[in-house]
Amino acid sequence: MVKSTSKDAQDLFRSLRSAYSATPTNLKIIDLYVVFAVFTALIQVAYMALVGSFPFNSFLSGVLSCIGTAVLAVCLRIQVNKENKEFKDLAPERAFADFVLCNLVLHLVIINFLG
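Bear in mind the structure is a predicted one, so any value in this text is a computation, not a measurement.

Q: Looking at this structure, how should I read the environment of T40?
A: With respect to the helices and strands, T40 occurs in helix 2 (residues 25–51). C-alpha of T40 to C-alpha of C66: the two residues are 26 residues apart in sequence and 6.8 Å apart in space. Of the polar contacts made by the side chain of T40, one reaches the backbone oxygen of F36; its length is 2.8 Å.

Q: Got a minute to help me understand the packing of helix 2 against helix 3 (residues 56–80) in this structure?
A: Two quantities define a packed helix pair, namely the angle between the helix axes and the distance between the axes. With their axes 9 Å apart at the nearest point, helix 2 and helix 3 run at an angle of 165 degrees to one another. Here helix 2 lies roughly antiparallel to helix 3, going by the angle between them. The two elements helix 2 and helix 3 cross, and the hand of that crossing is left-handed. Here the contact of helix 2 with helix 3 is composed, by residue class, of 18 nonpolar, 5 polar and 2 charged.

Q: Help me understand the environment of A37 in this model?
A: Relative to the assigned elements, A37 resides in helix 2. As a C-alpha pair, A37 and A70 span 33 residues in sequence and 5.7 Å in three-dimensional space. What A37 contacts, discounting residues up to four positions off in sequence, is C66 and A70.

Q: Help me understand the packing of aromatic side chains, please; the structure alone is not making it clear to me.
A: The description of an aromatic ring pair uses the distance of the two centres, along with the angle that the planes make with each other. Applying the stated criterion across every chain yields a total of 3 aromatic pairs. Pairing Y33 with F99 gives two aromatic rings, centres 6.4 Å apart and planes at 85 degrees, and the pair type is edge-to-face. Of this pair, Y33 sits in helix 2 while F99 sits in helix 4 (residues 92–114), placing them 66 residues apart in sequence. Under the relative-accessibility criterion, Y33 is labelled partly exposed at 35%. Their ring planes at 35 degrees and their centres at 6.1 Å tell us that F96 and F99 sit as a pair that is tilted. Separated by 3 residues within a single helix, F96 and F99 lie in helix 4, roughly one turn from each other. The class for F96 is partly exposed, based on a relative accessible area of 48%. Among the aromatic residues, those joined into a ring-pair cluster are Y33, F96 and F99.

The rules behind these values
Residues numbered from 1 in each chain as written. Predicted model: local features only at pLDDT ≥ 70, side-chain atom pairs only at ≥ 80, totals over all residues. Heavy atoms only, no water. Helix = DSSP H or I, 4+ residues; strand = E, 2+ residues; numbered from the N terminus. Polar contact = N/O pair within 3.5 Å; in protein donor to acceptor, adjacent residues only side chain to side chain. Axes fitted to C-alpha atoms, helices over the stretch in contact; angles between N-to-C directions. Parallel < 35°, antiparallel > 145°, perpendicular 65-115°, else oblique. Left-handed = near helix turned anticlockwise from the far one by under 90°. Nonpolar A, V, L, I, M, F, W, Y, C, P; charged D, E, K, R; others polar. Contact = heavy atoms within 4.5 Å. Phe/Tyr/Trp six-rings, centres within 6.5 Å; stacked < 30°, edge-to-face > 60°. Buried < 20%, exposed > 50% of the residue type's maximum accessible area, 1.4 Å probe, protein only.

Listed below in structure tokens is the structure:
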């Protein structure tokens, strides 16, 4: 049986950090935006757990808005990544325009859901 040690975990984190340091800055900014959106959704869930969910539509709208925005940002990251061969013909400006348009539609649906 193989034992996992803290040295293995440190080597794993070190290799991940060195691989992520080679990531372009624009992808790191998108990653930060995704983390912010998910963190905001978690704060809303914690607030609902502590205080209550009286206007449940508002809670669902807020959480779905954050998660939807994070999903759209991940799609943007996939399309903008130069190493991804599947979207090599897609211009980054077009990918960003798709992101903005999809966010607009998402938030129009969220506002409609609020009532």
